[in-house]
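Reading the structure
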Amino acid sequence: MDSHKTTTVARRFYFSPADLPASLVVFLVAVPLALGIANASGAPIASGLIGCIVGGIVAGLLSGAPLQVSGPAAGLTVLVYGMVQKFGWTTMCAISLVAGIFQLCFGALKIARASLMISPAVVHGMLAGIGITISLAQLHVMLGGKPQSSAVLNLKELPTEVVQLYTHPTTPETHAAILGIITIAILVGWGYLPAKVRLIPAALVSVLTVTILGNVFFPEAPRVAIKDGPLFVFQLPQLPADIGGFFVAALTIAVVASVESLLCAMATDKLHTGARANLDKELIAQGATNLVSGLLGGLPVTGVIVRSAANVAAGGKTRVSSILHGVWVLLFVLLATSQLNKIPLAALAGLLIHVGVRLINLHHIRELHLHREVIVYTVTALGVAFLNLLAGVGLGIGLAVILLLRRLANFKSEVESRDEGTWHVRIEGALNFLTVPQLSATLAKIPEGARVEIDLFVEFMDHAAFEALHSWRKTYEKTGGMVDIDEKHEAWYGDATGGSPRVTRATN
């Protein structure tokens, strides 16, 4: 028994030499992103680093997806910003803690795959809407201003800030704009450089370059301000007076973070040939991570595809690469926190604008266009951006259900007289309770006493449709007619006597 346990533990924490350089790459990607996401979320800058540390170490130790790397995510930025404005930061920490408890329950109940039943068009539309919101808000930061409370106000105030920069070209705001533009230019241009050069993370290069330029040429541009080291800003999470709203907020964070983490785990699986993700175990890991992060004053955490892809691309083989990246962030916090105050806010804003724009994924849009679901994507994205996240997702899910019902009600029929006394009926689409009225109307066009040939080009037939067709056939044959039904495709239908569904295959 002891030998078996030792073998299991050894296998679980197997270390590959490739994990060390991979962890360093992920560390270099994660730190600037964490700082930018914390700033965009309206949270203390330190909270992003705490989320990074906890996401790397706790999620790495417990993860059901060994090569997935967890940390603060852009996908939660809009939610967290709104909750910080409404409840305050200490309550936001409590929300993260309770969201983690919800996730632990999700994992214990083994409902991970059930959470994936949300239409991909809604999920990708939600991320696109978040990307629009982040980009509009961070444009103001990049221009030296402050983001407004909504995307509509951010869009409305943007021309004023641009005009102000044009009329006052030597202000600190102009310096910030120049630094932000340089950041975005580096991030975009980095993708066109040789592959060996791109092994160095673009986020690191852009932030480091702009930090040097800012300190040398634009010393008046606004900068990151961390008065104390992140390990010395610990505050106990606090419950608000509005307990109902508090639990709704926690459940919202839990659901969105869970869906994002599970989608990331499945996307990461496509990048490597190692062990596949255990989604329920991953939910438990994410729950424990958010519980600890909230308790220590960190941002809520999810699996992040940018870091996970960097981990795989850099040669990461086991969970140790994720754990080590958290250790490197911790050492960085202990030894070099003061250096963060040299980073211009415009550099982090430019980084977040680039991340936000990339959340509007053209590949996903093309795929959804092929499946005629772009309208769901668009409505969700615009709803999230210009209403709020829950309203946008609700609109997207509602529209997806309407389109599903429309497809289920898709019914086409042709009735024609061929030879004398013979009628031919062609039925396409779905035969179910929604299309029974149309089926009955079609069959009512056939005169009594004829020979009827019915071709069914359907892939699905429920009991209601089968009962309607079977009853019409029996009634029609009693009046002297003959009915021949030819099923051209496999169809599921219920037994007319109430038995189990059975399958009839093509006879042609």
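A brief structural summary. Owing to the predicted nature of the structure, the values given are computational and were not obtained by experimental measurement. (Residues numbered from 1 in each chain as written. Predicted model: local features only at pLDDT ≥ 70, side-chain atom pairs only at ≥ 80, totals over all residues. Heavy atoms only, no water.)

1. A word on helix H6 (residues 120-142)
Stated formally: For the purposes of this entry, the term helix denotes a DSSP run of H or I that reaches at least four residues, the term strand denotes a run of E that reaches at least two, and both are numbered from the N terminus. A helix's residues, less one, multiplied by 1.5 Å, set its expected span. Partly exposed describes any residue whose relative accessible area lies between the buried limit of under 20% and the exposed limit of over 50%, with all areas from a 1.4 Å probe on protein chains only and scaled to the type maximum.
Here H6 is 23 residues long and its end C-alpha atoms lie 32 Å apart, about the 33 Å a rise of 1.5 Å per residue gives. Summarising burial for H6: 20 of the 23 residues are buried, a large majority.

2. Considering the side chain of Gln103
Let me state the cut-off plainly: Here a residue-residue contact requires only that any non-hydrogen atoms of the pair lie within 4.5 Å.
Mapped onto the elements of the fold, Gln103 is located in helix H5 (residues 89-108). Judged by relative accessible area, Gln103 falls into the buried class, the value being 0%. Gln103 has contacts with Ala254, Ala257, Ser258, Leu283, Gln286, Gly287 and Asn290, leaving out every residue within four places of it along the chain.

3. Considering the side chain of His272
Put simply, the test is: Polar contacts here mean pairs of N or O atoms no more than 3.5 Å apart (in protein, one a potential hydrogen donor and the other a potential acceptor; neighbouring residues in sequence count only if both atoms are side-chain atoms).
In this structure, His272 sits in the loop between helix H10 (243-269) and helix H11 (279-296). Engagement of the side chain of His272 in a polar contact is seen with the backbone nitrogen of Gly274, the distance being 2.9 Å. In contact with His272, other than residues within four places in its own chain, are Leu67 and Val312.

4. A short note on the pattern of salt bridges
Pairing is possible between side chains that carry opposite charge, provided their charged atoms lie close to one another. For clarity, the cut-off: Any Lys or Arg side-chain nitrogen located within 4 Å of an Asp or Glu carboxyl oxygen qualifies as a salt bridge.
Tallied over the entire structure, the rule returns 4 salt bridges. Residue Arg418 pairs with Glu416 through a salt bridge whose shortest N-O separation is 3.4 Å. By relative accessible area, which is 46% here, Arg418 ends up partly exposed. You can call Glu416 partly exposed: its relative accessible area is 38%. A salt bridge links Glu428 to Arg426, with the nearest nitrogen and oxygen atoms 2.6 Å apart.

5. Here's the deal with unusual backbone geometry
Even without being a glycine, Lys110 presents a positive backbone phi close to 55 degrees. Inspection of the secondary structure puts Lys110 in the loop between H5 and H6. Look at Arg372: it is not a glycine, yet its phi comes out positive at around 55 degrees. Structurally, Arg372 is set in the loop between helix H15 (362-370) and helix H16 (374-386).

6. What to know about a nonpolar patch on the surface
Selection rule: A patch consists of residues whose relative accessible area exceeds 30% and which take part in no salt bridge; residues with like charges are grouped when within 9 Å of each other, and nonpolar side chains (Val, Leu, Ile, Met, Phe, Trp, Tyr) when within 5 Å. Surface accessibility follows the Shrake-Rupley procedure with a 1.4 Å probe radius. Residue values consider only the protein chains on display as shielding.
On the surface, Ile397, Val401, Leu404, Leu405, Leu408, Phe433 and Leu434 cluster together into a nonpolar patch covering about 590 Å² of accessible area. What makes Phe433 exposed here is its relative accessible area of 54%.

By themselves these figures say nothing about function.
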